[in-house]
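Geometric and topological summary
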Amino acid sequence: MIQPQTRLVVADNSGARSIMCIRILGGGGGNPRYAGVGDVIVAAVKVAQPGGAVKKGDVVRAVIVRQAKEYGRPDGSHIRFDDNAVVIINEQKNPRGTRIFGPVARELREKKFMKIISLAPEVL
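Residues numbered from 1 in each chain as written. Predicted model: local features only at pLDDT ≥ 70, side-chain atom pairs only at ≥ 80, totals over all residues. Heavy atoms only, no water.

**Here's the deal with the sheet that holds strand β2 (residues 16–25)**
- If you walk around this closed barrel you meet the five strands as β1-β2-β3-β4-β7, and the pairing is mixed. Taken over all neighbouring pairs, the strand axes of this sheet differ in orientation by 55° on average, direction set aside.
- Where strand β3 (residues 40–48) lies against strand β4 (residues 59–66), five bridges are found, and the strand directions are antiparallel. Along β4, the bridge assignment pairs V42 with R61. (Pairing = 2+ DSSP bridges. Helix = DSSP H or I, 4+ residues; strand = E, 2+ residues; numbered from the N terminus. Axes fitted to C-alpha atoms, helices over the stretch in contact; angles between N-to-C directions.)

As C-alpha cells, then:
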C-alpha cells in the first residue's frame, strides 16, 4: 500500500537511507494508484550517507521488498512487516548496492528479482 509521497526505508548499502515515492510504474495501460511488494517505483532520495553511490536529490528506481500493510497470499496466509522498505535498482533490475539488510518477501521470486533474493539474509 505504497502511494506517491510515501517515505520508505532503504534496505541496502547504496548510500541512501530514506526515499520518497514519486511514481508507481505499472504494467499494462493503467495508472496504478498503489504499489505493493515486488512493484517498481520511481523515488527521490531524501536522506543519504556521505560518500555513497547515490546522493540526496537523485531520482532512482526501487523495488518494494517489505510493506507494513498486511496482504494475503494464494495459500490463504497473511503477512505484514514492521516497515516499508525498498532496494534501489538499476535499469536491468539489479540492485545498486552490494548488501541487503533485513528480510524480504517471497513475492520477489515470482517477479524475477533473483539477485535481490540471493543477497537477502532471509526470505519470508
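Okay, back to it.
**Quick word on the pattern of salt bridges**
- What the rule picks out here adds up to six salt bridges.
- As a salt-bridge pair, R66 and D83 come within 3.0 Å of each other at their nearest N and O atoms. Linking R66 in strand β4 with D83 in the loop between β6 (78–79) and β7 (85–89), this pair joins segments that are 17 residues apart in sequence.
- Using a relative accessible area of 8% as the deciding quantity, one classes R66 as buried. (Salt bridge = Lys/Arg side-chain N within 4 Å of Asp/Glu carboxyl O. Buried < 20%, exposed > 50% of the residue type's maximum accessible area, 1.4 Å probe, protein only.)

**Topic: the side chain of S14**
- Relative to the elements of secondary structure, S14 occurs in the loop between β1 (7–10) and β2.
- Of note is the side chain of S14, whose polar atom sits 2.8 Å from the side chain of D12.
- In this structure, S14 is in contact with G52, A53, V54, I88 and G97, ignoring residues within four places of it in sequence. (Polar contact = N/O pair within 3.5 Å; in protein donor to acceptor, adjacent residues only side chain to side chain. Contact = heavy atoms within 4.5 Å.)

**Let's talk about unusual backbone geometry**
- Here Q5, not a glycine, exhibits a phi torsion of approximately 80°, which is positive.
- Structurally, Q5 can be placed in the segment before β1.
- Look at K93: it is not a glycine, yet its phi comes out positive at around 65°.

**Structural notes on the pairing of β1**
- Bridge analysis of β1 against β2 gives three bridges, and the strand direction is antiparallel. Paired with V9 across the two strands is S18, which belongs to β2.
- Here β1 pairs with β7 via two bridges, running parallel. From the neighbouring strand, V9 faces β7, where its bridge partner is A85.

**Points about the nonpolar core**
- The biggest cluster of nonpolar side chains holds 17 residues, and the ones touching the most others in it are L8, A16, I19, I41 and V86.
- Sorting the residues of this core by element identifies β1, β2, β3, β4 and β7 as the ones contributing at least two each.
- Broken down by element, the residue count for this core peaks at four residues, all from β2.
- Setting aside chain neighbours within four positions, we find A16 in contact with V10, V45, V47, A48, V54 and I88.
- V40, V63, I100 and F113 belong to the second-largest nonpolar core, a separate cluster that totals 14 residues. (Core = buried A, V, L, I, M, F, W, Y, C linked by side-chain atoms within 4.5 Å.)

Worth remembering: the numbers are spatial, not functional.
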